[in-house]
Structures are given as structure tokens and as C-alpha cells.
There are 4 protein chains.
Amino acid sequence: MVFVLNKSIIKNPALAEKGRLKIEWARSFMPVMELIRTKQLCKTKLKGVRIASILHLEAKTAVFLQTLADSGTEIFATSCNPETTQDDVAAALAEHPQITVYAWRGESESDYWKNIRRVLLSKPDIIIDDGADGIIYAHEKLSGVISQLIGATEETTTGITRIKALSEHGMLRIPVIGVNEGKMKFLFDNRYGTGESSVFGLLNATNLTIAGKNAVVVGFGWVGKGIAKRLRGMGARVIICEVDPIKAVEAYMEGYRIMRLIDAVKVADFVITATGVNKVVRKEHILEAKNRCIFANSGHFNVEIDLEDLNEVTTSKKKTRYFGLPYNDFLVEEYRLINGKVVYLLGKGRLVNLVCGQGHATEIMDLSFSLQFLSILYLIDHKDDLEPKLYSVPGDIDDMVARLKLESLGIQIDNLSAEQRAYIKRFK
Amino acid sequence: MVFVLNKSIIKNPALAEKGRLKIEWARSFMPVMELIRTKQLCKTKLKGVRIASILHLEAKTAVFLQTLADSGTEIFATSCNPETTQDDVAAALAEHPQITVYAWRGESESDYWKNIRRVLLSKPDIIIDDGADGIIYAHEKLSGVISQLIGATEETTTGITRIKALSEHGMLRIPVIGVNEGKMKFLFDNRYGTGESSVFGLLNATNLTIAGKNAVVVGFGWVGKGIAKRLRGMGARVIICEVDPIKAVEAYMEGYRIMRLIDAVKVADFVITATGVNKVVRKEHILEAKNRCIFANSGHFNVEIDLEDLNEVTTSKKKTRYFGLPYNDFLVEEYRLINGKVVYLLGKGRLVNLVCGQGHATEIMDLSFSLQFLSILYLIDHKDDLEPKLYSVPGDIDDMVARLKLESLGIQIDNLSAEQRAYIKRFK
Amino acid sequence: MVFVLNKSIIKNPALAEKGRLKIEWARSFMPVMELIRTKQLCKTKLKGVRIASILHLEAKTAVFLQTLADSGTEIFATSCNPETTQDDVAAALAEHPQITVYAWRGESESDYWKNIRRVLLSKPDIIIDDGADGIIYAHEKLSGVISQLIGATEETTTGITRIKALSEHGMLRIPVIGVNEGKMKFLFDNRYGTGESSVFGLLNATNLTIAGKNAVVVGFGWVGKGIAKRLRGMGARVIICEVDPIKAVEAYMEGYRIMRLIDAVKVADFVITATGVNKVVRKEHILEAKNRCIFANSGHFNVEIDLEDLNEVTTSKKKTRYFGLPYNDFLVEEYRLINGKVVYLLGKGRLVNLVCGQGHATEIMDLSFSLQFLSILYLIDHKDDLEPKLYSVPGDIDDMVARLKLESLGIQIDNLSAEQRAYIKRFK
Amino acid sequence: MVFVLNKSIIKNPALAEKGRLKIEWARSFMPVMELIRTKQLCKTKLKGVRIASILHLEAKTAVFLQTLADSGTEIFATSCNPETTQDDVAAALAEHPQITVYAWRGESESDYWKNIRRVLLSKPDIIIDDGADGIIYAHEKLSGVISQLIGATEETTTGITRIKALSEHGMLRIPVIGVNEGKMKFLFDNRYGTGESSVFGLLNATNLTIAGKNAVVVGFGWVGKGIAKRLRGMGARVIICEVDPIKAVEAYMEGYRIMRLIDAVKVADFVITATGVNKVVRKEHILEAKNRCIFANSGHFNVEIDLEDLNEVTTSKKKTRYFGLPYNDFLVEEYRLINGKVVYLLGKGRLVNLVCGQGHATEIMDLSFSLQFLSILYLIDHKDDLEPKLYSVPGDIDDMVARLKLESLGIQIDNLSAEQRAYIKRFK
């Protein structure tokens, strides 16, 4: 049951007050976004631009969308995941005259796609996507929408992988800026953001200690590196599973143990996937797992832990741990297996940092959304020059976000002199 | 408004189902307590023993109290803090035929003391205390209760300090085992338990990143050491404030910065107190603090941040951040100061790991409560030999808990041979 | 005074026995090189190939060169730095019938260039370079040598920078494989290798503790990252100086302090440069430095600390600390400054890990030299296809070295299934 | 062959210049000792006091002994280990008119005891001991010396264990201050000092990387804790072996793996003992060790690795790695075992930080020797009140050393107010 406010469709407008407080808090800790706003980097150009936003709908996203809207754009927003909308934030966001929201937590699969369709049918100039569901859907089903787009931005590794595939199939029809390929994105959001928030999700869901535990991190990309670092920082013995031999040696040199997953699960207290690949945890792993092993996923889609396989080897399951924040309806599920062992699944195998936690820290999203903001400006400024392909974030946008961050911290850095610049270019 | 179930006084019996799940979860991760139960270390002796329990009333405590009750004791339980009772756990606990509960979250100061009085008037043989409010109260106001006690156990540094003071004033009338002086307590609960759970509380209350922040830890005892270690593990730049020069040099060698608090607050993003001392953060510190500085306390009493001083330099305040778990009514408060700056206070200055979090991790409390359990057995076994003074946990109890923990982990360790034992005793 | 053995010119043939032991030790801990040898990946192709090697002449290099020579090549070897040849190793190496050595420790600037000229005039097919002195020299002075080369490999960031400059000036005439751009090189050698060995050099030169010290690392590239990580691992408070704002934010998130060098020197106990840039530490920094500050360099050339500037602000200097290993003649120099302070310079400002230490760890060089080995094979195999430009290490060479390393460690890793490979390529 | 200078017996007086430079360097980094000297805490009282010093004879010890001598005492010095004297330092020390030295590196067992006898026969008022060889010898063989002593100080855990044993046998005849029981000793010297210098010794002896290695630390006392911390800081995967279950759980919570030694050696790249116990590494461990495992000891005596057992299972051995600093004659020995494997022994199983390195860092010894200095003053001041027993370092001496250290660093700390002091003493 959802409520319609103005044109928006949300869970409950009465939650708006709480949502406003959350957004106000987030804004206080997003200084780069604030500098972008106050430096007037953009106001006139954005006037009247229509934007379809398909991002996890919570407080930091709201600050980003409000800043965009305050700059003159029209925003149509839904979420990129049926379970990650914060209804209070959605309610507060819907109060903005230039923002229309179609999203609620726990929306059905069918409603999820309906909401994406709604934002795509808002005649957008730009799509902001997270996982590429919107961009792919539009390419497949809404040719008319595609043909009127200036372009899109994509937030995640997963989304970029899909857009590359689309491009390799010769089907990509719009320019897309892969925000995730910005250094100020993947070096921070993927690594520090996911690392910290996944540890939080784990603690929040379990009230167990991390210290002393055997924690298995599957995947040693930027996300896996971040999770491993923070788990170790909390005292875990970390084991890494990888398919890339170079990353495996890197993990070895970092002092982690490297094992095949089938060996690692036997000693695992926790298993967290961060691969971007499907069917990583399969029935053979589940059956070999140590009794009371806890499984969680930090990858974008809930395909890394194979839920079909899990159910296939399960005799009974129950919701075993309700937890509160930020929603009261989520849980740890206990699976009693055909071999008599018990394993636990956190947040239904969806991204543990969002479903069992509060998502990335505010300051991290400040960097990512600032890159988004400047990438949108770039799309508009260069709309006549861009081709239908995947673009990296331009280096000077990356640099500008970094410099604004340092400015917000009051940190000064050194500069190369002309002589030093020449020295770097020399060969003698 | 509270509800009376059997003899218990609790918030809401309907919450019992949720409470039962929480307790079941906790029990699954308290293997030492389970080994104590299954090894039948105690059953007969405890039959009919009456115990007044004044401990934070949440799931791990419930496992402890249920294990005691299952061993034949009669339990009368309240909380040692008006804000830390989990009402669902209290409801579940009250279902046990041998357990009576007088506690609810948010009880008034007056109700807090009434509840302590209720458990003390239950004709206890033993008091289990946390902070020594019950022990002190009984000494001052309930002489008859004191005279019938076998003894008491005390969980915290703060409580032991108070009992030492009582003893030095010649007023201590019962044997008290200072459980906090057990190595399996302070090396684990104070250090790893508080460290981890305080970091969780901070993240939970704020959704801010710890990485890169200037985090000031005031006090470098076991608790402060644990907090500092985990904050650093999450990427903070940690600054330590101390009054003990030896601990200050120790912190310096650990690579922390050491400053006076008045200097540290100027660069602080977070300030966490862990001193056991009152009026640590005073108005001069608050006024000098960096704008948007966040203050929290991990010490037992809410006296470390001087709330009178804080209010004195405040022009307006508001509740700025509701958070969920485990209760929906708590918050971050924003204080707008007379000098125009804003500072934030977490959880009203009460222990951030409990009020803004879920308390210590389950496995940590397993160790502490196992020490409690065995200390209670010790009191009963030696009741004729013990004098009215503060006792440390006997070394073999400490050892037994450690050995049970290792057994539960399947870890084997080496043993000294007779020749090696002789070598250690040699002087040639 | 040097000694001629066969055609070689070295310090002292009598040192060969010690050198042989060093080389034997190194060989025991270079398992990837050993697997390359035993897997016969190369033997026939290398027969008769002539190689000019300009690498730091110590034990690990010797294992590499012996393996090459055992595969049938003719080696002509000198060092890429006048101070880094180990005379005992040079003596042992000169005993190999297919290896000619022209190098000794402490050779003059003039002899340094004469020795480079000697190896270049040996009619090489391939140059192995470290810093690009040989490659550049041949381009400038020995056109005939260049015209007969198959190509070259270059070991360092510094060398690659120079070759890029050469290429941008349109002057590069041979294919060069930038071994440093291999992941199995820069992720390991630059980061872990230099980090660890620079810390060793610092400890070796000073016998001071790192714990608690303010250590300033100038430059946060792979080398700087490695040094910072290890200094922190030894207990230092690390301060990073950078010119790149993105790297500065990264260092900030890692929990380091970020400062301009002029501010950092005021609190510095140690300053280590790792920038690849000249004149990084200048007189203004030296004069502002804390009394007794210790300066060292980990960059390739001794230009990062401006020695002219240092001498200009010095009133007197003395050799203050002889140390032993691996040579007795080196030292810490004490500079008494015009403002009355004292500062110290380690190893004359040359790379502290080699001049004050033993160079990179054996296992690290095993990876780097294995990449070199396979890159040389690649040059030969593809000599007809390669153009005069800078090439990265081919990805499958990187992978092979990683897989051989894992094999040598007995570590197994997971593999992607066909279904998973397809999943990664999908867009739906 | 040794040389007699004045009354001293040393290796070579010509080494004095190098020794003077070493001592000057050390003095520059021993600010607490310098503050003690300049604050004139002691001068008159020490005039004419005769001191027998049995300490590792290297530069930091020399600064301590010179400071004592400059205060008016007469010093008679030898070493507490036949392999740890630095002959250049001994030569420089012997130049002081009030210091007589009997020590050289590589002295025979017989000479070692003769030298101890020489210093004991110098009619000392005070013995400064390290390991208690001198104190025990005097009790057993030199009753007349004992009867004239004011008392002694003892530097190490090992020595204190022996003196406790002597005391328990009722044989201790003099007051001994156990300097090792001072917090400013064991928290720093044992932990940070030995940790750092053992890692240095390991690197110096091997030129291997620590990163990624399985390093087994046997013993998790202060020394073992320090070694484990620094090995991890350098990237090792650390495994702890313990006999104390509490320490084992502590190590587990720190994220180390805990194993019996017999299991640990199977995966060990390095094994370092730090137990204070004999026959820790026995033939069964050696035979089970991974091929090319490296054994080292950081405990006081060379009994932790059972050399008889090692030789018993060895078919051939050779000196395999000479290294330089600080002496050219030391080595790694390669043992080829009866089962065909090879293992290595560093520094003959003597303390690896001294025999393969340069001993503790200068600033660490500054703390330890400052405690020694003030403990000697305490012995003299209280000579009429002290009984023949083991004393801890008085708390105010510990505090004074800490405060002087902070003063030397320019660090200010907070102080408790009178109100706070009262609060701590309260029970209400």
C-alpha cells in the first residue's frame, strides 16, 4: 500500500519530518557538494534539464538530488533496488517542487520495474543509473526515450560491466560516463565506503564480535580490498578467495591467507562475497561450511550467493534475528541444512551494507555524487561532441573533486615548480 | 507505563517473541556458557540460591540469567542503567518461572532506584552488580539485606573503584569478587568488547565515515586502548588524552598523537571519553571544539561529558538524528553554542556502545558472564572462609574460562614439560 | 684500484667465495626463477643472444644473470649506480664463463660511465636497464649499437619516464618493454620491496626506533605507499606530502596526516623522499626542519634532496656513523646548519634501501626478474613485429609470473566457470 | 687475543674512534639520560660509589656508564653475553678515567666467567646485572663480595625469575631492584624494543621479505607481543604458540592464529622463540619443519632452541650467510637434516636482535637505563632500610622517567583536578 503525494508515489508522507532531519544531517557532512553549490559552478546550464534518477533512495542521494533540483533541473527518482529505499527520505524528497518520487521499501519485483519505467517515461535528458537496470531497460524497451537522451551516468562496477557488454554487442546508443571509473569514485566509494559499511552491516545484523574470527572475503577488487582491510582492522583473520592470480599474490603479500572457497568455508565464521559474478557460493560450499557460518553479500546483485542452491540443501528455515535500524522488518535467516548443520544468511543475500546497514558513509557519497554532478555538467556541455560509447570521468573532474575535498578539510598540498615539471619530462 | 506479568514489571509482554529470538541467537554464540551448563559444573550447589541481578538487561545477560535459573537459582533482575534495558528481552526473560524482572527502557531516575530496591528486597544471597549502585545502596539503606548476603560480584572498573573506596572507609560488610579484575574480563570485555561496540555505536548514530577522521580518545586504560585500536583499524587518526605519564608514553609509542584535551578538541571530528572520571569534557573544551565536533562517552556513568557545562554554553538544541536499532526513540542532539558553532552529543552522554548500539558482542559477554558464573560458585563454595573485602577472581577460574574458550574453538596449545617447569624455578 | 679477472674488471676476485654463498642463498629464495629454469621455458631460443645488463649488481641480480647465462646467453654486466655494486657478488659472477663484469663499489662518476660504455660496446642484442642511463647513452652516443639492438627492458618508474620523454621527442629508436609497468613489478617491487627495504635501511643506518616517530614520506605513489605502510607497521606517525590532490585524499583516508613539506619538516623526525622529481627537499625545508631531523631518499636518483642547497646552508659537516653491512665505508653525515641546528643525511642522499641496506628482499626480486626474463623472451620472439616504442609487459606474462609464484607457494585459487564468464559479459 | 689498555682488557684500542662516534650518536638520541644529567638529580651522592656492570656492551650502555662515571662513580664493566660486546665501543669506553672494561666479542665461555669474576672482585657497592649471572655467581662463589654490597639491579625477565628462585630457596642476601618490573621497562624495552630489533635482526641476517610469510612466534609475553606486532606490521601472517590459555585467547582475539608448535612448524617460514624457557624447539619440531624454515631466538639464553637436538638430527651443516653489521664474523648456519630437509639457524640461537642486529633502539634503552640510573640512586638513598629481597621499581621513579620522556618530546598532558581526584575516591 503506497501513498500518492503530488505526483509522487511513496509509502507514507507523514514520515517526511524524520526524512528532513536525516537529509539535513547528511548535508552537514557533504562539504564538497556544498562547495559545488556555493561556487555556482553550474546553475544556469541546468535550468530545465530533466533527469531520471535510479539510485538507492536514502539521505545522501537526497542531498545530491536536492542540489540538482535547486540548480534548476526536474528530477524523477526511483531506487535501483527494491529493498533500499528509506521511506522517510522518500517522503521528504517528494516535498521538493521539482522532484517526483516513485519508490518505497519492499516494493515487489513488478513494482520495481514499473517505477523504473515511470522515471524513464518522464522525458529525461539524462539518466543517472546504479547497476544499469534503467539504461538497459530503456535500450530494450523504450527506444523513443533513448533517442531523446543527452546521455547517462553509471555509478557501479556492475553497471559499467553491463554497459561494456552492451557496447560490445554494438547496441549502445547513448554516451555514458562511467562514474565508477573515476578515481575519486572507486578508490573511495568502493574501497573505503563499502569496506566500512559492510563491516557495519555485519555487526548490526549479528551483534557478534569480528575480532578473532575467520572472515572469508570472496573477491579482492577494490570492494574486496576495502572489506578485507576493515575486517582486519576490527581484528579478524581474513582469508581471500580470488580467480585472478595477480590479485591472489597481492593478497598474499598483504598477509592474508589465500584459499579456494571450498577450502575456506570449512574454517569460516563469516563469508562475504564481493565479486560482481553470479553463483559464487554454491551448494557444495554451503554443505562444506563450518556449522553456524554466516553468509553475506556486498556485490550489487543478489546473485553471488546462489539462493536456489541454498534452498535446495535446506530442510527448514526461519527468520532468526530481527534488527532495527533502519527498518524493522529485516532479518537474519537461519537455514537448517540437509547435513544437520546450520548456516545464516544476512539480508536475503542483498548488499549487506545497505540492507543490514545504513549504506555508505555520508562523506564518501559526497565524493561520488560530486563526481556525478560534475559528470552531468560535462554531458550537457559536450552534448554535441559525445558519441554513443562509455566514457571515463575526465581527469580534471576527478582533480576538481579532490581539490574541493582538500579545501573543505583545510588541507594544503605542495605544487610542482616549473623546473620540476620540466625535470619529469626530461630524458637526460 | 509498564505492564505487570506474574510478579515482573516490564514494558510489554507481547514483545516476548522477539526477545526469545534474540536470546536464542545469543545462546548460539556463547559456547563457554554452554560448556559450563553441559559440563554440569554447578547444578546442585545452586539450588535455591537467591540472586539479585543488576546488569544491563539485554540478550547476553538473559542467557546468563537463564543458565543460572536453569541451575536452580531464583533470579530477581533489574538493569544498572535506565536506558539500556531491551524491553523485548525483558519480556522473554520474565517468562521463566524462576526469574522476576523489574525493568524497562527509559525508566525515570526514581523508578530506576525503586527497581534496584525491589531486587534487593528479594532476600538475595548474592548480588550481581554492574557499577555498584546496588551494593552501595544496600550498604547505605538496607542493612538487613546486607547482613544476610553471602557476597556479591561486581562487573566494572567503576564499580570496583567505588567498592575500594567503601572498603577504605571501613564500610564494606560483604565479600565482593571484582570480576573486572579477572584477566578474562578486562583483557577482553573492556578492551575488545568496548572498543568494537563503541565504534559500532558511533557509526550507528552518525552514518559518518571513521576513515581519515581525527578521533580523540580521552583515557588510555583498557577501554581507551580498545577504542583507539578499533578506531585506527577503521582508518582514523587517533589522538590520546591522558593524565598518567606512563600511559601517555605508551600511547606515543603506539603511534598515536598525545595532546591535552584543550588542544585536541580544536582538531577533533570525534571525542570519546573513557576515563571513569567526572567532568572530563568541560565548557572550555566545548567552546574550543572544532565546528561540528561529535562528543560521545564510553565510560560507565554519564558524568564524563559535563552536561551542565554543555547546556550552559548552548543557545539552542534539537534532536537531530533519530536512529533505529535497537530502539526508535534515541537520538543525536545538536547543540548550537554561544560562539556560533555546532556540536553534537550522542546518546545523551551515556555509554555510546549500549545506548547507540547493541552493547558488547555476544562472544565477549560469554567470557565475562562465565567468569561471573564461576565466581558465584566460588562465593558459595567458600562462603565460610571469605571476609568482607574485595577479592580478585581466583586465577584458576580465569584459567578455566580460557581453557573452555579454547576448547569451544577447537584450539590446542602447548604444555610445559616437568623439565621446563623446573627450569623456570631454577636460578643456575 | 680494481682487478681484472678474465675480461672482467672488478674490485677483488678473492671475495668470490663470499659472493657465491650470497648467490646460493638468494637462489634458495627465488622459486619463480627456479621454476622458469626447470620448466625449460626458454633454453634454445636464448642461445647466443648477447645481453648488456645495467642493474644494481648484487646477489639477486646475480641469480637472474646466471639463469640467463645458463640458458645460453652472453652477459655483459655493470651497475646502474656507482655505490650499489657488491664486490663479492661481482667477483663470484665473473667466474661464470659466459658473464663479463665491469663494476665495483665506489667507482668514480667517470668510471661509472666508462663501464656503461663497456657493456654497450659488447654488441648486445638486448639491453636490460634500470633508470635508463644505458638506453639514453646509447641513443645519444652509440648509434651503431642502437641499430643492432632487438630491444631493451627497463626496470624503473624513473627510467620509463625518461623513455617516454625520449619517445615524445621522437627520438626512441628501439622497442622497450617497461617492466615497471607490469603489475607483478610495481604492485610488489615498488610497494612491498621498497617499503620494507627502506625501513631496513633507516634502522640499519641509525639504530633508532621508528615507533612513535613523526615520519614524513614525500610522494604517495607505489613506492611512497609502501614506505608509509611499513613505517606505520613499525609504529610511526606518518605524514604524507603530495602534489597530486587525488593521492592526497587517498592518503588522508588511509589515516595519514597530509601537509605541505614546509610544514611537515617542522615536526619531522625522519623525512624520506620517493617522488622521482628533483629538488624536492630544498634549503627552505632544511632550515625549517626540526633539530636532529634525518633525511633519506628512496627515489632512483640522488636529486630529490638538493645537496647543493644542503651544503649552502651548512657550516660544518662530518661523517658521524659508520655502519657495517654490507659495506664498511658508508655512513651517516651530520650537517651543522647556519641556524645552529643539526640535520643528518643518510647514504649521501642515494637510495637508502640499497646504500644503507641490502636492497629489495630476495623473493621480491624473484618476481621482478622473472618478469624481466619473460620480457626478454618476448622481445626475441616478437622481434620482427615490434616497433620503436615503449611497450607494457604483456598481460599473460604478468599472469604467468603470478601463477608460478602461487605454484611455488602451494596455493590453489578458484577459477571462473564458463557460466560465470558468460555472466560477466552479459548486459541483462 | 686481547689488548690491555690501562687496566682494561679489550680487543683493540685502535677501534676507539669508531666507538666514540657510535657513543656520540647514541647520546644524541637519549634525551632522558641527558635530562637526568643536566638536572643534577644525583651528582654528589654517587661520588666514590663502585659499580660492577654486567650489561651488553654497546653504544647505549656506554652512554649510561659514562653518565654514571661522570657523576663520580667508579665503573667496572663486562658483558652479560660472550657475543654481544662491540669492540669499538669497549675501546672508547676504556678511555674514560673512571671506567675499566673487561670484555671482547667472541670471548670463550671460560673468559666470559673470568671477566664476570674480575668486575665482581672490584669491590663493588652495586651490581648492575642483565640475566643475573653476576648476582648468582657472587652468591655462590664470592661471599665476601656479597657481604659488602649495597644491592643490585637486574634488567631482564630471565634474571628476575632466577632471583625469585634464589629468594624462594632462602638464599638471596642483598636487595635487588627488578628494573624489568618497571612499567617504563617492560612496556617499552621488552615490547617495542625487542619487537623492532628482532625484526631488524631477521631482515639483516636473511635479506628475505617478511610480507606474506608465516611467522611463528613462540611465547606471547611482552617480548612475544612486541615481535608479533612488528612482524604483522611488516606484512607477516603471524602464528602464536603459548602454554598459558589466557594469553592464547588474547592472541586469538588479536587476530593471530594459535597452534601447537608441532603443528605450526609445518607451515612456518620463520620461527622465533621468546619464552624464557629451555628446550622449546626440540628435534620433533625441527624434523616436522617446512623445508627452508628459519629458526631464531629472542630470549635471553641460547637454550630455547635445543642445539643438541638440532645437531642430533643434522647430517651436515655449513655457514651459509656472512653478514656485516655490526661484525663480520657472524652468520646464518644451514643444517641439512636426516630427513633431507634444510633448516637455518640465525646467530647460533643467541638473541637475534643483538647477535644479528644492533640491539634495541637507542631511545628505548634511554628509558631502561634511566630507570636503572634512578634505581641505583634509590638503592643508595635507602641502603639502611632495604632488606635482602626483590623490589619492584618504585612507582615514582617510573613516573619520573615517563615525565622526563614527555618533557623531552615537548608533549603536555592533562592533570586531574582536586575534584576529580575526590571523585575517583568516592563510592557514592
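About the thresholds
- Residues numbered from 1 in each chain as written.
- Chains lettered and ligands numbered in written order.
- Predicted model: local features only at pLDDT ≥ 70, side-chain atom pairs only at ≥ 80, totals over all residues.
- Helix = DSSP H or I, 4+ residues; strand = E, 2+ residues; numbered from the N terminus.
- Rg over C-alpha atoms; globule rule 2.2 N^0.38 Å.
- Buried ≥ 20, exposed ≤ 12 C-beta atoms within 10 Å, placed from the backbone.
- Contact = placed C-beta atoms within 7 Å.
- Axes fitted to C-alpha atoms, helices over the stretch in contact; angles between N-to-C directions.
- Parallel < 35°, antiparallel > 145°, perpendicular 65-115°, else oblique.
- Left-handed = near helix turned anticlockwise from the far one by under 90°.
- Domains from an automatic or database assignment.
- Nonpolar A, V, L, I, M, F, W, Y, C, P; charged D, E, K, R; others polar.
- Pairing = 2+ DSSP bridges.
- Least-squares fit on C-alpha atoms with pLDDT ≥ 70 in both.
- Expected span 1.5 Å × (residues − 1).
- Arc of directions from axis to C-beta.
- pLDDT = per-residue confidence, 0-100.
- Right-handed = clockwise from strand over helix to strand, strands pointing away.

A. Region of the structure containing the overall build of chain A. The number of helices and strands found in chain A is 19 helices and 17 strands. Computed over the C-alpha atoms, the radius of gyration of chain A is 22 Å, within 12% of the 22 Å expected from 2.2 N^0.38 for a compact globule of 428 residues. Seen along its three principal axes, the alpha-carbon backbone of chain A occupies a region of about 70 × 65 × 45 Å. Buried residues in chain A amount to 64% of all 428 residues. By sequence separation, contacts in chain A at least 24 residues apart represent 72% of the contacts at least 6 residues apart.

B. The arrangement of the packing of helix α10 (residues 183–206) of chain C against helix α17 (residues 362–381) of chain C in detail. Residues and elements named next belong to chain C. Running from N to C, α10 and α17 point in directions that differ by 150°, and their axes come no closer than 9 Å. When the interaxial angle is binned, α10 and α17 end up roughly antiparallel. Of the two possible hands of crossing, α10 and α17 adopt the one that is left-handed. Packed against α10, whose contacting residues are Met184, Lys185, Phe188, Asp189, Tyr192 and Gly193, the element α17 presents Ile364, Leu367, Ser368 and Leu371 at the interface.

C. Up close: the domain arrangement of chain A. Residue and element names in this part refer to chain A. Under the domain assignment, chain A is made up of domain 1 (3–185 + 360–409) and domain 2 (193–355). For domain 1 and domain 2, the distance between their C-alpha centroids amounts to 29 Å. Counting residues at the interface gives 14 residues for domain 1 and 13 residues for domain 2. Broken down by element, the residue count for the side of domain 1 that touches domain 2 peaks at three residues, all from helix α9 (residues 157–168). When grouped by side-chain class, the residues that make up the side of domain 1 that touches domain 2 number two nonpolar, 10 polar and two charged.

D. Here's a closer look at the sheet that holds strand β10 (residues 237–241) of chain D. Residue and element names in this part refer to chain D. If you walk across this open sheet you meet the eight strands as β11-β10-β9-β12-β13-β16-β15-β14, and the pairing is mixed. Here the strands that pair on one side only, and so sit at the sheet edges, are β11 (257–258) and β14 (314–322). Here β14 pairs with strand β15 (residues 331–337) via seven bridges, running antiparallel. Among the inter-strand pairings, Ser316 is bridged to a residue of β15, identified as Arg336.

E. Layout of the interface of chain D and chain C. Contacts between chain D and chain C engage 32 residues on the former and 32 residues on the latter. Of all the secondary-structure elements, those providing two or more residues to the side of chain D that touches chain C are α1 (16–28), α10 (183–206), α11 (222–233), β14 and α17 (362–381) of chain D. With five residues, the single largest contributor to the side of chain D that touches chain C is α10(D).

F. Spotlight on unusual backbone geometry. Within the chain, A:Arg292 stands out as a residue other than glycine whose phi angle is a positive 70°. The residue A:Arg292 is located in the loop between α14 (283–288) and β13 (293–297) in this model. The backbone of C:Asn207 shows a phi angle near 55°, a positive value even though the residue is not glycine. Topologically, C:Asn207 is positioned in the loop between α10 and β9 (214–218).

G. Representation of the relation of the copies chain D and chain C in the model. Of the two same-sequence chains, chain D is brought onto chain C (RMSD 0.0 Å, axial shift 0.0 Å) by a rotation of 180°. Taken together, the rotation angle and the small translation identify this as a two-fold axis. Rotation axis and chain D: the residue whose C-alpha lies nearest the axis is D:Gly233, separated from it by 1.8 Å. Residue by residue, 100% of the interface of chain D is reproduced at the interface of chain C, so both copies engage with the same surface.

H. Layout of the relation of the copies chain A and chain C. Overlaying chain A with chain C gives an RMSD of 0.0 Å, the required rotation being 180° about an axis along which the chain moves by 0.0 Å. Looking at the interface residues of chain A, 100% of them are also at the interface in chain C, so both copies use one shared face.

I. The interface of chain A and chain C, seen in detail. Every contact between the two is made by 47 residues of chain A and, on the other side, 47 residues of chain C. A per-class count over the side of chain A that touches chain C returns 27 nonpolar, five polar and 15 charged.

J. Local environment of the sheet that holds strand β12 (residues 270–273) of chain A. All names here are of chain A. Taken together, the eight strands give an open sheet; going across it, the order is β11-β10-β9-β12-β13-β16-β15-β14, and neighbouring strands pair in mixed fashion. Both outer strands of the open sheet, β11 (257–258) and β14 (314–322), are each paired with one neighbouring strand and no more. Relative to strand β16 (residues 342–346), β13 runs parallel, the two sharing three bridges. Residue Cys293 lies in a different strand from β16, and its bridge partner there is Val343.

K. Representation of helix α4 (residues 59–70) of chain C in the model. The end-to-end C-alpha distance of α4(C), which contains 12 residues, comes to 16 Å, matching closely the 16 Å that a straight helix rising 1.5 Å per residue would cover. For α4(C), every residue scored as buried is listed here: C:Ala59, C:Lys60, C:Thr61, C:Ala62, C:Val63, C:Phe64, C:Leu65, C:Gln66, C:Thr67 and C:Leu68.

L. A look at helix α6 (residues 109–120) of chain A. All names here are of chain A. When the terminal C-alpha atoms of α6 are compared, their 17 Å separation across 12 residues agrees well with the 16 Å that a helix rising 1.5 Å per residue should span. All buried positions along α6 are accounted for by Asn115, Ile116, Val119 and Leu120. Along the long axis of α6, the arc covered by the buried residues comes to 140°, so they all point the same way.

M. How the structure looks around the environment of D:Leu172. With respect to the helices, strands and loops of the structure, D:Leu172 is situated in the loop between α9 (157–168) and β8 (176–178). Residues within four places of D:Leu172 in sequence aside, it is in contact with D:Ile163, D:Leu166, D:Ser167, D:Pro388 and D:Lys389.

N. Inspection of the confidence of the model for chain A at higher detail. On average, chain A scores 93 in pLDDT, and the residues at 70 or more come to 95%. Under a pLDDT of 50 for its full length, residues 324–328 of chain A has, in the predicted model, 14 contacts with residues more than four places off or in other chains.

O. The arrangement of the pairing of strand β3 (residues 50–54) of chain D in detail. Residue and element names in this part refer to chain D. Most of β3 sits out of view: four of its five residues are buried. When β3 meets strand β4 (residues 74–78), the two strands line up parallel, connected through five bridges. Residue pairing for β4: Ile54 is matched across the bridge by Thr78. You can see the chain leave β3, run along helix α4 (residues 59–70) and come back into β4, and the turn it takes is right-handed. As defined by bridge partners, β3 adjoins strand β6 (residues 126–129) across four bridges and the pair is classed as parallel. Each bridged residue has a counterpart across the sheet, and for Ile54 the counterpart in β6 is Asp129.

P. Highlighting the pairing of β13(A). All names here are of chain A. For β13, a buried count of five out of five residues is recorded, marking the element as mostly surrounded by other parts of the structure. Relative to β13, β12 runs parallel, the two being bridged by four bridges. Residue pairing in the sheet places Val271 in a bridge with Phe295 of β13. The handedness of the β12 to β13 crossover, carried by α14, is right-handed.

Q. Expanded view of the packing of helix α12 (residues 245–253) of chain A against α10(C). The geometry of α12(A) relative to α10(C) is characterised by a closest axis approach of 10 Å and an angle of 10° between their N-to-C directions. As judged from the angle between their axes, α12(A) and α10(C) are roughly parallel. In this structure, α12(A) contributes A:Ile246, A:Glu250 and A:Met253 to the contact, and α10(C) contributes C:Lys183, C:Met184, C:Leu187, C:Phe188 and C:Tyr192. Its residues assigned to classes, the contact of α12(A) with α10(C) shows six nonpolar, no polar and two charged.

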